[in-house]
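Each chain, letter by letter, is given below.
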There are 2 protein chains.
Amino acid sequence: MEDKTVPNIVVGRLPLYLRTLQLMFQEGRRVTSSQELGERLGISAAQIRKDLSQFGEFGKQGTGYNIEFLANQLRQILHVERVWDMAVVGIGDVGHALARYQGFSNRGFRVVLLFDNDPKKVGTNVGGFVIQDLSALVAKIQEAKVLVAMLAVPVDQAQQVTDQLVQAGVRAILNYAPINITVPTGVRVQYIDPVLHLQRMTYYLE
Amino acid sequence: MEDKTVPNIVVGRLPLYLRTLQLMFQEGRRVTSSQELGERLGISAAQIRKDLSQFGEFGKQGTGYNIEFLANQLRQILHVERVWDMAVVGIGDVGHALARYQGFSNRGFRVVLLFDNDPKKVGTNVGGFVIQDLSALVAKIQEAKVLVAMLAVPVDQAQQVTDQLVQAGVRAILNYAPINITVPTGVRVQYIDPVLHLQRMTYYLE
């Protein structure tokens, strides 16, 4: 099923397809088409069919896609038919929001570990979990075998904490600190920086 | 200077270049090269030179780029030599973090209006601004001539609030609700959904 040679940009669209299928299913829908998916997403129907065809045959000509079946296939392809435990490092405003974020459930993720280096925060509870001291990060992450982390520390601590996450065995980091971090081969990084998105839009505004 | 035919993907890299130049300047650096920028960003030096050449001649062969000059040029291209006032709609955990986010300053943005429909939140202060009732959104945004908004409302309210933002004259929306929204031509939307980024990484994890 999985093909490591699928272009990264195609892989990046699969979560969008899955999210849209899940919303359709919640709306009570059971069948859809590449045309309808495309209209919801602003992507051409041909592109969607081409993307999905890289992984198999999911629909029948004329009858479209069974939403539940295609969603389950995409969950398997993206490895979110399971639930990934995650650590949040840095419990400022952003980390706090991530620790309590309701949008992870049913999408393959849950937060189980929280870390901060502020003695006033360590030992307090956020979203049902106790914030632990940053100095325990490597041991606790190894013990819990956590492979996914979200990084919400200040810019000047981002690389140092990243190195500790990698040392602890983390293989996927979602970085909210507005700085590029360096990781060894085999570790994935994705970035969330609202200003990058805002500046992409103001370019087009006078 | 500005060319509306520049591909969207090139425009999308300019904020990354600007962010990196600003960090270098804070580190006390005054001159850089496409090679060094490329190493920090994981982008080839040739790509960076090609991207920048679409907007003018910013460096001299052999002496590299003056960091402050290039950063100022990029600010002008991206229209962030000024400061854009922003509204945040939906002051849950995510909206709260956005209202207090320190990362906007010196990057062209500031939050000036907050809206929520929860009577318990309306009238309270977050990050120096009073949360106003959602029913006042169109009038207040028009009065303040705000063109940029961040949307952090629940999924089932996202489209309705978007329609109000558009009616009020907003032309750039950063949407944190995990659903695609529809806007008329001339209004830009960017999306932030951490799960999309996480699933892009778990695809590569076994």
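First, a word on scope: everything that follows refers to the structure included in this document.

Observations concerning the overall build of chain A
When its secondary structure is counted, chain A shows eight helices and 10 strands. Once the C-alpha set of chain A is aligned to its principal axes, its extents read approximately 60 × 45 × 35 Å. Long-range contacts, defined here as pairs at least 24 residues apart, represent 56% of the contacts in chain A between residues at least 6 apart. A total of about 9400 Å² of accessible surface is found on chain A, and carbon and sulfur atoms cover 50% of it. Each charge class in chain A was averaged separately, 21 positive and 19 negative side chains, and the resulting centres sit 5 Å apart.

Quick notes on the sheet that holds strand β1 (residues 31-32) of chain B
Residue and element names in this part refer to chain B. As summarised here, the arrangement of the three strands in space is β1-β3-β2, forming an open sheet in which the pairing is antiparallel. Pairing within the sheet leaves two strands with one partner each, and these edge strands are β1 and β2 (59-60). Bridging between β2 and strand β3 (residues 64-66) involves two bridges; their strand directions are antiparallel. Opposite Lys60, over in β3, you have Gly64 as the bridge partner.

Digging into the sheet that holds strand β8 (residues 148-151) of chain A
The pairing of strands in a sheet comes from backbone hydrogen bonds and takes either a parallel or an antiparallel form. All names here are of chain A. A sheet is described by the order of its strands in space; here seven strands give the open sequence β6-β7-β5-β4-β8-β9-β10, paired in mixed fashion. The open sheet is flanked by β6 (125-126) and β10 (188-191), the only strands paired with a single partner. As judged from the two bridges shared by β6 and strand β7 (residues 129-133), these two strands associate in the antiparallel manner. Note on β7: the bridge partner recorded for Val126 is Phe129. Sheet contacts for helix α6 (residues 137-144): β4 (84-89), β5 (109-116) and β7; angle to β5, the most-contacted strand, approximately 160°.

Looking at unusual backbone geometry
Here His79 of chain A, not a glycine, exhibits a phi torsion of approximately 65°, which is positive. Looking at the element boundaries, His79 of chain A is found in the loop between α4 (67-77) and β4. Judged by its relative accessible area of 13%, His79 of chain A falls in the buried class. Despite not being glycine, Asn106 of chain B has its phi angle at roughly 65°, a positive value. Of note, Asn106 of chain B is situated in the loop between α5 (93-99) and β5 (109-116). On the basis of relative accessibility, which here comes to 68%, the residue Asn106 of chain B falls in the exposed class.

Thoughts on the relation of the copies chain A and chain B
Think of it as a corkscrew move, a rotation about one axis and a shift along it, taking one chain copy to the other. Of the transformation placing chain A onto chain B, the axial shift is 0.0 Å and the rotation is 180°, giving an RMSD of 0.0 Å. A rotation of that kind, with that shift, is consistent with a two-fold axis. Taken together, the interface assignments show that 100% of the residues at the interface of chain A recur at the interface of chain B, consistent with an identical surface on both copies.

Digging into the packing of aromatic side chains
Taken as a whole and assessed by the stated rule, the structure comprises six aromatic pairs over all chains. Ring plane angle 90° and centroid distance 6.4 Å describe the contact between Phe55 of chain A and Tyr203 of chain B, whose orientation is recorded as edge-to-face. Of this pair, Phe55 of chain A sits in the loop between α3 (45-53) and β2 (59-60) while Tyr203 of chain B sits in the segment after α8 (194-202), placing the two residues on different chains. Each of the two residues, Phe55 of chain A as well as Tyr203 of chain B, counts as buried. Each ring, one from Tyr203 of chain A and one from Tyr204 of chain A, has its centre 4.8 Å from the other, and the planes form 85°; the classification is edge-to-face.

Considering the interface of chain A and chain B
Between chain A and chain B, the residue contacts involve 61 residues of the former and 62 residues of the latter. Interface area for chain A against chain B, summed over the two sides, is near 6200 Å², with a carbon-plus-sulfur share of 62%. Per-residue buried area on chain A facing chain B is highest for Tyr203, Tyr204 and Leu205 of chain A; these three make up 13% of the total on that side. Connecting chain A to chain B are six salt bridges. A salt bridge links Arg107 of chain B to Asp193 of chain A, with the shortest nitrogen-to-oxygen separation between them at 2.8 Å. In this structure, the connection of chain A to chain B is made through 21 residue pairs in polar contact (both at pLDDT 80 or more). Counting only elements with at least two residues in the side of chain A that touches chain B, the list comes to α1 (8-26), α2 (34-41), β4, α5 (93-100), β9 (172-175), β10 and α8 (194-202) of chain A. The dominant element in the side of chain A that touches chain B, judged by the number of residues it contributes, is α8 of chain A, at nine residues. For the side of chain A that touches chain B, the per-class residue count stands at 37 nonpolar, 10 polar and 14 charged.

What to know about the packing of α8 of chain A against helix α1 (residues 8-26) of chain B
Direction vectors running N to C along α8 of chain A and α1 of chain B enclose 130°, while the axes themselves pass 9 Å from each other. When the axes of α8 of chain A and α1 of chain B are compared, the pair comes out oblique. Crossing handedness for the pair α8 of chain A and α1 of chain B: right-handed. Seen from α8 of chain A, the contacting residues are Leu196, Gln199 and Arg200 of chain A; seen from α1 of chain B, they are Asn8, Val11, Gly12, Pro15, Leu16, Leu18 and Arg19 of chain B. Its residues assigned to classes, the contact of α8 of chain A with α1 of chain B shows five nonpolar, three polar and two charged.

Looking at helix α6 (residues 137-144) of chain B
Residue and element names in this part refer to chain B. For α6, every residue scored as buried is listed here: Leu137, Val138 and Ile141. On an axial view of α6, the arc spanned by its buried residues comes to 95°, and they lie on one face. In this structure, the buried residues of α6 make contact with β4 (84-89), β5, β7 (129-133) and α7 (155-167). Just past α6, the residue Lys145 takes up positive phi, approximately 55°.

Conventions we followed
Residues numbered from 1 in each chain as written. Chains lettered and ligands numbered in written order. Predicted model: local features only at pLDDT ≥ 70, side-chain atom pairs only at ≥ 80, totals over all residues. Heavy atoms only, no water. Helix = DSSP H or I, 4+ residues; strand = E, 2+ residues; numbered from the N terminus. Contact = heavy atoms within 4.5 Å. Areas by Shrake-Rupley, 256 points an atom, 1.4 Å probe, with all protein chains shown as cover. Lys, Arg positive; Asp, Glu negative; His and termini not counted. Charge placed at Lys NZ, Arg CZ, Asp CG, Glu CD. Pairing = 2+ DSSP bridges. Axes fitted to C-alpha atoms, helices over the stretch in contact; angles between N-to-C directions. Buried < 20%, exposed > 50% of the residue type's maximum accessible area, 1.4 Å probe, protein only. Least-squares fit on C-alpha atoms with pLDDT ≥ 70 in both. Phe/Tyr/Trp six-rings, centres within 6.5 Å; stacked < 30°, edge-to-face > 60°. Buried area = accessible area lost by both parts, 1.4 Å probe. Salt bridge = Lys/Arg side-chain N within 4 Å of Asp/Glu carboxyl O. Polar contact = N/O pair within 3.5 Å; in protein donor to acceptor, adjacent residues only side chain to side chain. Nonpolar A, V, L, I, M, F, W, Y, C, P; charged D, E, K, R; others polar. Parallel < 35°, antiparallel > 145°, perpendicular 65-115°, else oblique. Left-handed = near helix turned anticlockwise from the far one by under 90°. Arc of directions from axis to C-beta.

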